[in-house]
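Topology and contacts: notes
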Amino acid sequence: MIDHTTLITYILIVLGFVFIPGPATLLTMARAASSGTRVGIATGAGIAAGDVVHTTMAIVGLSAIIATSALLFSVVKYAGAGFLIYLGIRAMLDKTPIEVNGGAPAISAARAFRQAVLTEVLNPKTALFFLAFLLQFVRPEHGSTTLQLALLGAVFVLLGLLSTVVFAVGAGRLGNLLRRHPAVVKWQGKVVGTIYCAVGVRLALQER
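Here's a quick rundown of the structure. Please read these numbers as outputs of a predicted model, since none were measured by experiment. Just so you know, the residues in each chain are numbered from 1, in the order the chain's sequence is written. Predicted model: local features are reported for residues with pLDDT of at least 70 only, side-chain atom pairs are reported and counted for 80 or more only, and whole-chain, interface and lining totals are derived from all residues. The side-chain numbers reported here are obtained from all heavy atoms of the structure, hydrogens and water having been left aside.

Further remarks concern the overall build of the chain. A run of H or I in DSSP becomes a helix once it reaches four residues, and a run of E becomes a strand once it reaches two; helices and strands are each numbered from the N terminus. Helix and strand counts for the chain come out as 9 helices and 0 strands. Traced from its N-terminal end to its C-terminal end, the chain shows the element sequence α-α-α-α-α-α-α-α-α. Total accessible area on the chain is roughly 10500 Å²; 70% of this is exposed by carbon and sulfur atoms. Surface exposure here means Shrake-Rupley accessible area, sampled with a 1.4 Å probe, where a residue is shielded only by the protein chains that are shown.

Before going further, it helps to examine a nonpolar patch on the surface. Together, F19, L162 and V166 make up an exposed nonpolar region whose accessible area comes to about 240 Å². Summarising the element assignment, V166 is placed in helix α7 (residues 145-169). Under the scheme applied here, a residue whose accessible area is under 20% of the maximum for its type counts as buried, over 50% as exposed, and between as partly exposed, the area being computed with a 1.4 Å probe on protein chains only. Classification of V166 as partly exposed rests on a relative accessible area of 43%. Surface patches are defined over residues having more than 30% relative accessible area and no salt bridge, joining like charges when they lie within 9 Å and nonpolar side chains (Val, Leu, Ile, Met, Phe, Trp, Tyr) when within 5 Å. We define a salt bridge as a side-chain nitrogen of Lys or Arg found within 4 Å of a carboxyl oxygen belonging to Asp or Glu.

What follows covers the environment of E120. Inspection of the secondary structure puts E120 in helix α5 (residues 109-121). Separated by 67 residues in sequence, E120 and V53 place their C-alpha atoms 9.1 Å apart. Apart from the residues within four sequence positions on either side, E120 is in contact with I47, G50, D51, H54 and T126. Whether two residues are in contact is decided by their heavy atoms: any pair within 4.5 Å suffices.

Here the aromatic set is Phe, Tyr and Trp, taking the six-membered ring for Trp, and pairing holds for ring centres within 6.5 Å; pairs whose planes are under 30 degrees apart are stacked, those over 60 apart are edge-to-face, and all others are tilted. Evaluation of the coordinates by the stated rule reveals 5 aromatic pairs. Seen from their ring centres, Y10 and F137 are 4.9 Å apart, and the 75° between their planes marks the pair as edge-to-face. Pair noted here: Y10 is in helix α1 (residues 4-18) and F137 is in the loop between α6 (124-135) and α7, with a separation of 127 residues, a long-range link. When its relative accessible area of 0% is taken as the criterion, Y10 is described as buried. Owing to a relative accessible area of 0%, F137 belongs among the buried residues under this scheme. Summarising the aromatic geometry, the rings of F19 and F167 are spaced 6.2 Å apart at their centres and angled 45° between planes, so their arrangement reads as tilted. On the criterion of sequence distance, the pair formed by F19 in the loop between α1 and α2 (23-35) and F167 in helix α7 is long-range, its members being 148 residues apart. Judged by relative accessible area, which is 32%, F19 ranks as partly exposed. Joined through ring pairs, the aromatic side chains of Y10, F133, F137 and F156 make up one cluster.

Given below as structure tokens:
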């Protein structure tokens, strides 16, 4: 299975992703601010459910690639590295203003959950991110790649759900912070972008 050093490194990187405001976090905060904490938590749960789907797809696809073809592994690895670096550069350069509570109408928790699931599942960037991100922490020599991917995916989903619940509960104060201090949004993009680029470079240098 995954060695402790790799797992701890992975957890720390994931914590950096999920607790720095990103699209999923801001969607959760917007729902919570406009429709209440319960709806915000339902939104976070829907995003987590969508990530479970992406994790399953990544497990099925990557397990087959790693097991059968060194060439395909390399193709996916370099494509994934390039994609992560692209996301990083976009995040660092993005200057789009973000509204946490744009006057969205109140909706039910059930509807918010369904919308969040569909939004996450139908996002091709999320699918590509899971393929690229999980791949670099898998070591075929450490045993079943399927089990490694399942563990990595489960950790990502659980930490992501934890972060969205935290942000949903604190949406009022956090929303005010982001609205009053645009620099927070500006710098979170640079931090996230740097992490993406670093992960992409690490993936490109990884051996099969």
